[in-house]
Amino acid sequence: MSRTRFTRRLPATMAVVGLALAVAACGGESSSGSNSTTVAAEQLKPNADLSKQSLAVTVWDGYLPEELAQRVKEKLKVQDIKIQLHETNETAMAKLTASGDSGIDVAFVSGQYAQALNEQGLLEPIHPELIPNLANLYPEATQLSYDKGNKYSVPYTWGTTGICYRSDLVKTPPTSWNDILKPPAWAEKKVTMMTTERWLALPAIKALGYSVNTDKDDEIEKVKELLMAQKPHLLTYDDTTFGDRLLSGEALMVEAWDGWCPTTDKSGNIKFVVPKEGSDLWVDTMVIMKSSKNKEAAHALINYILDPEVHSWAAENINYKVPNKAAMDRVKIAEGSLLGISPAELLNGESIIDLGEASTKYTRLSADVQAK
Amino acid sequence: MKSEVKARPVNRSRGRRLGAFVFLSPGLAYLVVFMLVPLALLLSTTVFRRGRFGGVVYEFTAENFERLVDPLYLGVLVDSLKIATLTTLIALLIGYPTAYVIARLPRKWKTIALVAIVLPFWTNFLIRVYAWIMLLSGPGLVNSALKVFGLGPLEVLYTEGAIVTGLLYSYLPLMVLPLYAAIDRLDPQLREASSNLGASAFTTFRKVTLPLTMPGVLTGSLFVFVPSFGNFVIPEMLGGSKSIMVGNLIRDQFLKARDWPFGATLALALIVVLVVLLVAQSWVARRA
Amino acid sequence: MRRSKLLYVPFWASYVFLYLPIAVLVVMSFNAGESAYTFEGFSLKWYGELAGDERVRDGLVNTLMVAAGSTVIATVLGTLLAVGLARHTRSKLLDSVALMPAVLPDVVLGIGLLVFYGMVQSTLGLYSVVLAHALFAMAFVAAVVRTRLAGSDTSLEEASRDLGAGPVTTFMKITLPQLAPGIVAGALLAFTLSLDEFVIAFFTIGNDDPTLPIVIYSMVRFGVTPEINALAAILLLVSFTAVIAGQRLTKIGEREPRAQD
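Residues numbered from 1 in each chain as written. Chains lettered and ligands numbered in written order. Predicted model: local features only at pLDDT ≥ 70, side-chain atom pairs only at ≥ 80, totals over all residues.

### What about the overall build of chain C?
The number of helices and strands found in chain C is 11 helices and 0 strands. Along chain C, from the amino end to the carboxyl end, the secondary structure elements read α-α-α-α-α-α-α-α-α-α-α. Taken over the C-alpha atoms alone, chain C extends approximately 70 × 60 × 30 Å along its principal axes. A buried classification covers 52% of the 261 residues belonging to chain C. When contacts within chain C are restricted to residue pairs at least 6 apart in sequence, those whose partners lie at least 24 apart make up 80%. (Helix = DSSP H or I, 4+ residues; strand = E, 2+ residues; numbered from the N terminus. Buried ≥ 20, exposed ≤ 12 C-beta atoms within 10 Å, placed from the backbone. Contact = placed C-beta atoms within 7 Å.)

This is the structure in structure tokens:
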């Protein structure tokens, strides 16, 4: 009795599902319709009343001074500012792209992700007239390959990737990517590599002399072979805690971003080297979402962060180089600190850019390597 | 009330239908709005293409399904099945006697024992997984203890063994609770009758206890199997990302590759596997 | 007798297994040093750090609100659903659909809901997490309650109906009291799962302050700090106290008329 009732109701359920499908398709169509990179820039008012605007920012944990929100409120007189944290570029991207309006005004993401957001038509072009502090940037910082001329992104920090190691425990200091790709016997299971796919591939790509942005199948195949051969000798893949592993002696050599290599540790035993085959130049940027309703305040925030006193905080407190000359000039560079790497040296590194369709090849590569 | 007794036959069937409506409609409506519609939205992307830089391009394609039969993905699927099955079996093996003992405890101890099963859950999943890193890692406590006895070091962390341990630890309570619910309901007289009739303890278990507690076994197994199968945090933290499960694949498609159509396709594959299991489960449950 | 003694081996093994890591967490929370592996002396400093951590405090409050809200919704809907499925339909399809939220990978559910909320243009916040958590918690409640219902004595319910009581009256007077332990267990499970959930919460929380698991996730990702151990110890203490305080309530819940006793 009741059973037939509900089987009869099944078509209704199906209809609902079908309807949802249709709505999904249409909804998507219209949003992809507006998907263009050159929408006429909205007119922004330099003198807009910021006290009517409130900001939502998403940023990595620990990447901004804790008291920033309070200071921004006082200084810029914005109505409110809310700082949200994301763990990785990937989770930030999911939030920013899943629905039309994420509610975020300013997001911190790495260069190639800014590029992908822009390609999807989600970013507001930067209005340089609203950010006078752009003049503080190094000239090199306006020539970054994912966004030449800072059209839609403003660099916040930059650096490179290399090998971070325990100088007191290694038999010979590493100089080449091959030192971790084919670790010597004393480093067996004492080496870690990053999991994020482009950086997982980076050491092998460079060791083989390719471009970090290669999309050639035969080259990626070679990279895969090298990484597969390396896997049994690894301790683990690790993106976030490799520094701790070095300090505890659990690992002796790790693939690391310069800012995360604890070279300033009091033991003085942690060293960083950019392998001779070369490396990348990574940039973490600030972008303004097109869906933001507080664009003037968003520009004002970026301008405030580019203030030498504010921006130097990152260099002084979290050991990241900032692409801001005026800010770096204020910073005292300690012995062993990696902050001394100059912009010119950094630009020797190759910027990772989003490869469009080909970028899925790297997802495939890392799945291949990680599944045994 | 009394007048209703006369009208019984009519009332009863109307009551039945009313009952079905009253009991089922709120939950089902909720399921439609918050599960089926979002799911349909997401799964509808399986027939479309990934945009150059992520997002979805609404052109029909079967390419996502073609990619699915790649040995890499099938291999990961099989691996995940193996790990989840092993975890479920171990959980059942130690969970059943545990639940059985709890159900036979005096009432006061029973409550305490039950609460003690759930209590670790309230410390937070990630913290609990982290505790295992502290225990199992190279300089960790297990190895320090082994060293005292001149043994080890044991290289468990960042292997599949560590993944199974972590999954088991995380989901064992989900096995014990439904088992307890089922065993607690058992009439002890049934077992007595069985043994009075000369059945051995094992026969009693096999012929009486186990069949009657089958719904609990099935529910518990499901509760352990499912989150184990789709897990991606534990393979990452305890497996060191050195072996991946289907959950990692799906997560990576959505988050890393920003390939939602293919992520949704993998999710669909996972859902199909689970629905098959669910149907099988409810079929067995109804026969038990 | 011997056989039942033998059963105590896995019984105790379960508890040792469950509590070994917990013990480690608690001991290490008093560590004076920063190491995760060596105990360098007793100190309460990590508790001090924790007390000053506003994010953790706000996260805890948010988590409790979400868990409470979603448990209420899930318990009511899940119980009704379980009774409906067990007594009023034989559809296997509905059975499976009702269990599905418990079965879907959380990433899929999280992103699906995010897209859905975006489509209906709702601003996200704690309440959208409550609604999302209620979804999967409902499935768990329904499943646990069904376990209790399955094979339970229906003669009382039939008698009640034969005597002319409507389905609602029968439910309130007969079924519900019989189900009480199942419902309590289901609600407990729902609450517990919500306390712990972070993937779905992450995607559906919008710009509200994060729940505790989200806070912990970012703490854990960037290495062990004994502050996390202190947090674990406090969480344990809080839940332990809550349990003892709530024991009277549980006792009331347990005093159900048992058909077979």
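### Section: the overall build of chain B
Counting secondary structure elements, chain B contains 13 helices and 2 strands. A globule of 288 residues ought to have a C-alpha radius of gyration of about 19 Å, yet chain B, at 24 Å, is considerably larger. The dimensions of chain B, computed from C-alpha atoms along their principal axes, are 70 × 65 × 35 Å. Counting all 288 residues of chain B, 56% fall into the buried class. Within chain B, contacts between residues separated by at least 24 positions form 68% of all contacts whose residues are at least 6 apart in sequence. (Rg over C-alpha atoms; globule rule 2.2 N^0.38 Å.)

### A word on the sheet that holds strand 8 (residues 191-193) of chain A
Residues and elements named next belong to chain A. Reading across from one edge, 9-8-10-7-11 is the order of the 5 strands in this open sheet, with mixed pairing throughout. Lying at the two open borders of the sheet, with one neighbouring strand each, are strand 9 (236-237) and strand 11 (270-273). Note: strand 8 against strand 10 (residues 253-257), 2 bridges, orientation parallel. Bridging from a neighbouring strand, Thr192 pairs with Val254 of strand 10. (Pairing = 2+ DSSP bridges.)

### Describing the pairing of strand 12 (residues 280-288) of chain A
Residues and elements named next belong to chain A. The buried fraction of strand 12 amounts to 9 of the 9 residues, a majority that puts the element mostly inside the structure. Covered by surrounding structure in strand 12 are Asp280, Trp282, Asp284, Met286 and Ile288 together with Leu281, Val283, Thr285 and Val287, the residues of both alternating faces. Two strands pair when backbone bridges link them, and strand 3 (residues 106-110) and strand 12 are joined in this way by 5 bridges, in the antiparallel orientation. In the strand pairing of strand 12, Val109 is matched with Thr285. Taken together, the 5 bridges between strand 6 (residues 154-159) and strand 12 define a ladder with antiparallel strand orientation. Paired with Val154 across the two strands is Met286, which belongs to strand 12.

### Let's talk about the interface of chain B and chain C
Every contact between the two is made by 78 residues of chain B and, on the other side, 82 residues of chain C. The element that contributes the greatest number of residues to the side of chain B that touches chain C is helix 2 (residues 8-43) of chain B, accounting for 22 residues. Residue composition of the side of chain B that touches chain C, grouped by class: 56 nonpolar, 14 polar and 8 charged. (Nonpolar A, V, L, I, M, F, W, Y, C, P; charged D, E, K, R; others polar.)

### Looking at the nonpolar core
Cys164 of chain A, Tyr180 of chain B together with Ile111, Met138, Ala139, Phe140 and Val141 of chain C are the most contacted members of the largest nonpolar core, which totals 287 residues. Considering each element in turn, this core owes the most residues, 18 residues, to helix 6 (residues 126-149) of chain C. Discounting residues that sit within four places of it in the chain, Ile111 of chain C has contacts with Ala94 and Ala98 of chain A, Leu42 and Phe254 of chain B together with Phe203 of chain C. (Core = buried A, V, L, I, M, F, W, Y, C linked by C-beta atoms within 7 Å.)

### Considering the interface of chain C and chain A
Each partner contributes residues to the interface: chain C has 21 residues there, and chain A has 20 residues. Elements with a minimum of two residues in the side of chain C that touches chain A: helix 5 (106-119), helix 9 (199-204) and helix 10 (212-221) of chain C. A per-element tally of the side of chain C that touches chain A places helix 5 of chain C first, with 6 residues. The residue makeup of the side of chain C that touches chain A, split by class, is 10 nonpolar, 9 polar and 2 charged.

### Some thoughts on the confidence of the model for chain C
Residues and elements named next belong to chain C. When pLDDT is averaged across chain C, the result is 82; 90% of the residues are at 70 or more. Predicted confidence in chain C is weakest over helix 11 (residues 226-254), with a mean pLDDT of 73, and strongest over helix 3 (residues 54-87), with 92. In this model, residues 252-261 is a region of pLDDT below 50 whose contacts with residues beyond four sequence positions or in other chains number 12 contacts. Of the two predicted TM-score estimates for the complex, the pTM is 0.83 and the ipTM is 0.83. (pLDDT = per-residue confidence, 0-100.)

### Considering the packing of helix 3 of chain C against helix 10 of chain C
Residues and elements named next belong to chain C. Across the interface, helix 3 lies against helix 10 with an axial gap of 7 Å and an inter-helix angle of 140°. When helix 3 is examined against helix 10, the residues Arg55, Val56, Gly59, Leu60 and Thr63 are found in contact with a partner set consisting of Leu212, Pro213 and Val215. Classifying every residue of the contact of helix 3 with helix 10 gives 5 nonpolar, 2 polar and 1 charged. (Axes fitted to C-alpha atoms, helices over the stretch in contact; angles between N-to-C directions.)

### A short note on the UniProt feature "transmembrane region" (unreviewed entry) in chain C
Residue and element names in this part refer to chain C. Feature annotation in UniProt places "transmembrane region" (unreviewed entry) on residues 7-30, 64-86, 98-120, 126-145, 182-205 and 228-246, given in this structure's numbering. Spanning residues 64-86, this segment combines 100% helix with 0% strand, and its end C-alpha atoms are found 32 Å apart. The span residues 126-145 carries 100% helix and 0% strand; its end-to-end C-alpha distance comes to 27 Å. (UniProt positions renumbered as here; feature names shortened; annotations may be inferred.)

### Structural notes on helix 12 (residues 246-255) of chain B
Most of helix 12 of chain B is tucked away, with 10 of its 10 residues classed as buried. Inspection of helix 12 of chain B places Val246, Gly247, Asn248, Leu249, Ile250, Arg251, Asp252, Gln253, Phe254 and Leu255 of chain B among the buried residues, and these make up the whole buried set.

### Some details on unusual backbone geometry
Here Asn319 of chain A, not a glycine, exhibits a phi torsion of approximately 60°, which is positive. Within the secondary structure layout, Asn319 of chain A lies in the loop between helix 10 (308-318) and helix 11 (325-330). In the Ramachandran plot, Arg258 of chain B falls in the positive-phi region, its phi being about 50° despite a non-glycine side chain. One can find Arg258 of chain B in the loop between helix 12 and helix 13 (260-287). C-beta crowding within 10 Å serves as the criterion here: with 25 such atoms nearby, Arg258 of chain B is assigned to the buried category.

### Side note on the domain arrangement of chain B
Residue and element names in this part refer to chain B. Here the domain parsing of chain B yields domain 1 (1-47) and domain 2 (65-287). Between domain 1 and domain 2, the C-alpha centre-to-centre distance is 32 Å. Among the residues forming the side of domain 1 that touches domain 2, the class breakdown is 2 nonpolar, 2 polar and no charged. (Domains from an automatic or database assignment.)

### Concerning the environment of Glu277 of chain A
Residue and element names in this part refer to chain A. Examined against the element boundaries, Glu277 turns out to sit in the loop between strand 11 and strand 12. Put simply, Glu277 and Trp177 are 100 residues apart on the chain and 7.1 Å apart in space, counted from C-alpha to C-alpha. For Glu277, the contacting residues outside a window of four places in its chain are Ser176, Trp177, Lys206, Ala207 and Gly209.

### Examining the environment of Ser267 of chain A
Tracing the chain through its elements places Ser267 of chain A in the loop between strand 10 and strand 11. Separated by 55 residues in the primary sequence, Ser267 of chain A and Val212 of chain A have C-alpha atoms spaced 34 Å apart.

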